[in-house]
Amino acid sequence: MKKIISGGIIILIILGCTQDKKPSNIPAQETEDLMPVSSVQINKDKNTIKERFSPPKDYEWQEEKTDSFGYFIENFKLKPYGRQIIRYDGSPISTQHLHEAVFDIDTGNKDLQQCADAVIRLRAEYLYKIKKTDDIKFHFTSGHLLSWNDYKNGTRAFVNGNTVSFRKTAGFDDSYQGFRNYLDLIFNYAGTISLNKETQPVLESSDLKTGDILITPGSPGHVVFITGVCKNNEGKKLFLLSEGFTPAQSIHLLSNPFKKNISPWYDLDVNASETKTARYIFKPTNFRSF
C-alpha cells in the first residue's frame, strides 16, 4: 500500500486505480463482448512503439522533435509481442486481453509503481536521460516538494505525526540506483492528486500530443498517457494510450475494445463528457500536459 500525506494525516490506502480482479469501472460484459478485432497492422517483430504500431489507413505518424518527451515515449523499447502484464511480485494479473504491448521497464519489487507513478517514472527517466536533472522534482500529495538534486545530495523526508520535514542525513549519491531510490520515495507519497496539480490543462483536441495525460485525481483515481499520435490529411488525429495500474504492474499499451476497427488507436476529444478506455472510464474528461 501507499502512504498518502493529506490534510496533515497519514492515511494508508491504495491510490490511483482499481484492483485488477475488476478490470475497470466499465461493466464486465461490455469489455468481454467487445474483444478487439482490428484491421490496423501490428508489426509484431518490432520492438518500439512507433515501429510496432502502424496507423490506420490514410493516417501517418505525427513527427516529434528528437529531444522531446513524446519522442522518448514513442521510441521506447517494448518487450516481445504477446508478453503478459506482470505484478511487482512476478505473478501475472488476471486481465490479459486488454493490452497490445508491455513496456520494457522494471516495475520494482514493491507495490509502489502504480498508475500515476508510471507516468512519473517515464517523465523522470526522460529528464534523466537528456540530463535535465534540475527539472526532476515532484510533489507529495500533501504538497511537499522533493527534487532529485536535493535527494542525491543527501536530503531525506521524515514523517512525524502530522508533519513532514526534510533533513540532510546521507552522503552524495548520483548513481542510477540512488535515482531509483528517489523515485520509490516519490511513488510512496505522490499520486493522481499531486500529478494533476503538476500539469496544465489541454483545452483543444488539436493540441493533444504524445506524453499528455488523461487523469481523474482522487483516491481512487486513475491516469493514462498518450503514447503516440497519428494524423490524416484533414488534420484528424488518433492516439495510442498506455497506463500503469494497481497493484503495481507492467506499464502497458491499451487495446481499444470500443472501436475495434482502429484498435489500439483511440479517437479522443477534450470536450467529451466522458472518455472510455479499455480498463477505466474518465468522467469528466481531463487532459493535461507537462
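The coordinates are above.
Since this is a predicted model, take the numbers as computed values, not measurements. (Residues numbered from 1 in each chain as written. Predicted model: local features only at pLDDT ≥ 70, side-chain atom pairs only at ≥ 80, totals over all residues. Heavy atoms only, no water.)

A. Just the pattern of salt bridges, in detail. What the rule picks out here adds up to twelve salt bridges. Lysine 50 is the salt-bridge partner of glutamate 63, the closest N and O atoms lying 3.3 Å from each other. Here glutamate 63, found in the loop between β3 (59–61) and α3 (69–74), pairs with lysine 50, found in helix α2 (residues 49–52); they are 13 residues apart in sequence, far enough to count as distant. Using a relative accessible area of 60% as the deciding quantity, one classes glutamate 63 as exposed. (Salt bridge = Lys/Arg side-chain N within 4 Å of Asp/Glu carboxyl O. Helix = DSSP H or I, 4+ residues; strand = E, 2+ residues; numbered from the N terminus. Buried < 20%, exposed > 50% of the residue type's maximum accessible area, 1.4 Å probe, protein only.)

B. Layout of the environment of isoleucine 73. Looking at the secondary structure, you find isoleucine 73 in helix α3. The class of isoleucine 73 is buried, set by a relative accessible area of 1%. For the pair isoleucine 73 and lysine 50, spaced 23 residues apart in sequence, the C-alpha to C-alpha distance is 9.0 Å.

C. Seen up close, the pairing of strand β10 (residues 213–216). Burial along β10 is two-sided: the face carrying Ile213 and Ile215 and the face carrying Leu214 and Thr216 are both buried. Relative to strand β11 (residues 222–232), β10 runs antiparallel, the two sharing four bridges. Bridging from a neighbouring strand, leucine 214 pairs with valine 224 of β11. Linking β10 back to β11 in an antiparallel pair, the connection comprises five residues, with glycine 218 at a positive phi of about 155°. Here β10 runs beside strand β16 (residues 287–289); their pairing, made up of two bridges, is antiparallel. Residue pairing across strands places leucine 214 opposite phenylalanine 287, the latter belonging to β16. (Pairing = 2+ DSSP bridges.)

D. Molecular detail of the side chain of serine 263. As for its placement among the helices and strands, serine 263 is situated in the loop between β13 (252–254) and β14 (275–277). Within the structure, serine 263 has its side chain in polar contact with the backbone nitrogen of asparagine 256 (distance 2.9 Å). (Polar contact = N/O pair within 3.5 Å; in protein donor to acceptor, adjacent residues only side chain to side chain.)

E. Spotlight on the side chain of threonine 199. Tracing the backbone through its elements, the reader meets threonine 199 in the loop between α7 (192–197) and β9 (200–201). Aside from chain neighbours lying at most four places away, what touches threonine 199 is Ile213, Arg288, Ser289 and Phe290. (Contact = heavy atoms within 4.5 Å.)

F. Molecular detail of unusual backbone geometry. Geometrically, the link from serine 219 to proline 220 is a cis peptide bond, its omega value of 10° lying close to zero. Relative to the helices and strands, proline 220 is located in the loop between β10 and β11. Each neighbour pair has its own omega, and for serine 263 with proline 264 the value is 10°, a cis peptide bond. Summarising the element assignment, proline 264 is placed in the loop between β13 and β14.

G. Spatial organisation of the packing of helix α4 (residues 115–129) against helix α6 (residues 176–189). Packing of α4 against α6 leaves a shortest axis separation of 11 Å and a crossing angle of 150°. Taken together, the axis directions place α4 and α6 in an arrangement best described as roughly antiparallel. As for how α4 packs across α6, the hand of that crossing is right-handed. Taking contact as the criterion, the partners of Asp117, Ile120, Arg121, Ala124, Glu125 and Tyr128 in α4 are, on α6, Tyr176, Phe179, Arg180, Leu183, Ile186 and Phe187. Within the contact of α4 with α6, the residues separate by chemical class into eight nonpolar, no polar and four charged. (Axes fitted to C-alpha atoms, helices over the stretch in contact; angles between N-to-C directions. Parallel < 35°, antiparallel > 145°, perpendicular 65-115°, else oblique. Left-handed = near helix turned anticlockwise from the far one by under 90°. Nonpolar A, V, L, I, M, F, W, Y, C, P; charged D, E, K, R; others polar.)

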